[in-house]
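Breakdown of the fold
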Amino acid sequence: MQEELDKLGIGQLFGRYPFLNGYLSTQGLELNGEETDTLPTFLKKLDPDEIEDKALDAESIITGTATYISQMLEFLGDGKERSVTEITLYPGTNKDGEPENFDKLTFQRGEIVCIVGPTGSGKSRLLGDIEWMAQKDTPTRRRLLVNGDVPDPKWRFSSSDKLVAQLSQNMNFVMDLTVEEFIRLHADSRMVNNAEEVVQNIIREANALAGEQFAPNTAITSLSGGQSRALMIADTAILSRSLIVLIDEIENAGIDRKKALKLLLNEDKIVLMATHDPMLALMGDRRIVIKNGGIHRVIETNDRERAILSNIEALDFKVQSMRHMLRQGESLEHFEF
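In short, a report on the structure. (Residues numbered from 1 in each chain as written. Predicted model: local features only at pLDDT ≥ 70, side-chain atom pairs only at ≥ 80, totals over all residues. Heavy atoms only, no water.)

Examining the pairing of strand E8 (residues 286-291)
To keep it simple, the criterion reads: Categorising residues by exposure relies on relative accessible area from a 1.4 Å probe, with only protein chains included: less than 20% of the type maximum marks a residue as buried, more than 50% marks it as exposed, and the intermediate range marks it as partly exposed. Secondary structure elements follow DSSP: runs of H or I of four or more residues count as helices, runs of E of two or more count as strands, with numbering from the N terminus. Two strands form a pair only when DSSP identifies at least two bridges running between them.
Here E8 lies mainly inside the structure; five of its six residues are buried. Note: strand E3 (residues 112-116) against E8, four bridges, orientation parallel. Note on E8: the bridge partner recorded for cysteine 114 is arginine 287. Bridge analysis of E8 against strand E9 (residues 294-300) gives six bridges, and the strand direction is antiparallel. Counterpart to valine 289 in the pairing with E9 is arginine 297. Hairpin remark: E8 followed by E9, antiparallel, with two residues in the connecting loop; positive phi at asparagine 292, about 55°.

Right, here's the structure in full:
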């Protein structure tokens, strides 16, 4: 870090570390972000009277700046999570204590894996094991490795460095904010450079997913369940650092499920989705079949099933069209099914 302070101009530092301007302002330095001098050089050029009036200590400022950058990078995420390319799940046991029927399962970025099974079979438990990055310390005794290694403890216990994001069936907002204020708050916490662009992009993508449109100034507490889910999917895809996304029954959200998955995959994430929807189940690269709390079978989606998926998608389009017409108060009297 000290080497960067010695080589990079202040303007370059601000470009690389947007949070730095605020810190240096608290140290009594008035900067506009266009300075080409390095920080040590800039401090040497200060008027002696100004140094005395503001009680500036060049050495302390440089040391403090290096420390602050390191701490902020640790808080925001050091980028280590971006190097994650795969996670591997090792078997545990089902509800009867019997071994699960697989050797290991590896999930890679850009992959959709669906989890199917009867209600109460253990689909949510599997999602929970992955979210917790189980190390034989959950009821199923499963174990998860990241890039072949034991997960970094911060990915399990830190609230700000989660490698996994879970979109649950129920999402209720309690903050008294508009949609735009809520997303901007998240963007600001991530210290993104182009916050305005990111905020508008998230709202636009969320509206593309939602059955009913909403405005940036809509109160988040007034969003419907589908609108809330659409907003959080867009936020997770675009702004979240989490590379693994777990979705529980997206078919109940009242959103465009196909667009939602495409948006998440465009961000090169690993998507694991528990579903009862045949269209979603066949959109996955693989299906994990859960029975009695354990993984019973893993099925690769084949060409015949993908052909069937095309038929299901055509039917789903008609169902969605009818739903839209009914919502708009139109009659289905002349609808061609």
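Back to the text.
Points about a negative patch on the surface
To keep things clear, this is the line we draw: Residues enter a patch when their relative accessible area is above 30% and they make no salt bridge; the linking distance is 9 Å between like charges and 5 Å between nonpolar side chains (Val, Leu, Ile, Met, Phe, Trp, Tyr). The Shrake-Rupley method, run with a 1.4 Å probe sphere, supplies the accessible areas, and residue values consider only the shown protein chains as cover. Salt bridge criterion: a side-chain nitrogen from Lys or Arg within 4 Å of a carboxyl oxygen from Asp or Glu. Charge convention: Lys and Arg are scored as positive, Asp and Glu as negative, and His as well as the terminal groups of each chain are ignored. By convention, the charge on Lys lies at NZ, on Arg at CZ, on Asp at CG and on Glu at CD.
Taken together, Asp47, Asp49, Glu52 and Asp53 make up a surface patch of like negative charges. Along the chain, the position of aspartate 53 falls in helix H5 (residues 48-53). Assessed through its relative accessible area of 68%, aspartate 53 is described here as exposed.

Points about the packing of helix H10 (residues 195-209) against helix H11 (residues 225-238)
The following threshold applies: For helices, the axis comes from a line fit to the C-alpha atoms of the stretch in contact; other axes are also lines fit to C-alpha atoms, and the angle between any two N-to-C directions lies between 0 and 180 degrees. An angle counts as roughly parallel when it lies under 35 degrees, as roughly antiparallel when it exceeds 145, as roughly perpendicular when it falls between 65 and 115, and as oblique in every other case. A clockwise turn of the near helix away from the far one marks a right-handed crossing, whereas an anticlockwise turn of less than a right angle marks a left-handed crossing. Any two residues whose heavy atoms approach within 4.5 Å at even a single point are treated as in contact. Side-chain classes follow a simple rule in which Ala, Val, Leu, Ile, Met, Phe, Trp, Tyr, Cys and Pro form the nonpolar group, Asp, Glu, Lys and Arg form the charged group, and the remainder, Gly included, forms the polar group.
Viewed as axis vectors pointing N to C, H10 and H11 meet at an angle of 135°, and their least axial separation amounts to 8 Å. Considered as vectors, H10 and H11 are oriented oblique to each other. Judged by the twist between their axes, the crossing of H10 over H11 is right-handed. Residues Val198, Asn201, Ile202, Glu205, Ala206 and Leu209 of H10 lie in contact with H11, whose contacting residues are Ala230, Leu231, Ile233, Ala234, Asp235 and Ile238. In terms of residue class, the contact of H10 with H11 is made up of nine nonpolar, one polar and two charged.

Thoughts on the packing of helix H9 (residues 179-189) against H11
As a packed pair, H9 and H11 sit with axes 12 Å apart at the nearest point and diverge in direction by 25°. Regarding the angle of H9 to H11, the classification is roughly parallel. As H9 packs across H11, the resulting crossing turns out to be right-handed. Seen from H9, the contacting residues are Val179, Phe182, Ile183 and His186; seen from H11, they are Leu231, Met232 and Asp235. For the contact of H9 with H11, the class distribution of residues is five nonpolar, one polar and one charged.

Describing the sheet that holds E3
Ordered in space as E5-E6-E7-E3-E8-E9, the six strands form an open sheet in which the pairing is mixed. Either end of the sheet is taken by a strand with one partner, and the two such strands are strand E5 (164-167) and E9. Direction aside, neighbouring strands of the sheet carry axes that sit 20° apart on average. Pairing of strand E6 (residues 244-248) with strand E7 (residues 270-274) involves five bridges; the strand directions are parallel. Residue pairing in the sheet places leucine 246 in a bridge with leucine 272 of E7.

Overview of the pattern of salt bridges
Throughout the structure, instances matching the rule amount to ten salt bridges. With its nearest N and O atoms 2.8 Å apart, the salt bridge here joins aspartate 129 to arginine 142. One end of the pair, aspartate 129, is in helix H7 (residues 123-132); the other, arginine 142, is in the loop between H7 and strand E4 (143-146), and 13 residues separate them in sequence. What makes aspartate 129 buried here is its relative accessible area of 0%. One salt bridge connects glutamate 196 with arginine 184, and the closest N-O pair in it is separated by 2.9 Å.

Considerations on the side chain of glutamate 100
Basically, it comes down to this: Here a polar contact is recorded for every N or O atom pair within 3.5 Å, except that within protein the pair must consist of a potential hydrogen donor and a potential acceptor, and residues adjacent in sequence are included only if both atoms are side-chain atoms.
Inspection of the secondary structure puts glutamate 100 in the loop between strand E1 (86-90) and strand E2 (105-108). On the accessibility criterion, glutamate 100 (7% relative accessible area) is buried. Among the polar contacts made by the side chain of glutamate 100, one reaches the main-chain amide nitrogen of glycine 92 at a distance of 2.7 Å. Filtering out sequence-adjacent residues up to four positions away, glutamate 100 remains in contact with Pro91, Gly92, Thr93, Asn94, Arg142, Gly293, Gly294 and Ile295.

Notes on unusual backbone geometry
Phi angles above zero are rare outside glycine, and lysine 136 is one such case at about 60°. When you line up the elements, lysine 136 lands in the loop between H7 and E4. Taking relative accessible area as the criterion, lysine 136 reaches 44% and is therefore assigned partly exposed. Phi is positive for asparagine 147, close to 50°, though the residue is something other than glycine.

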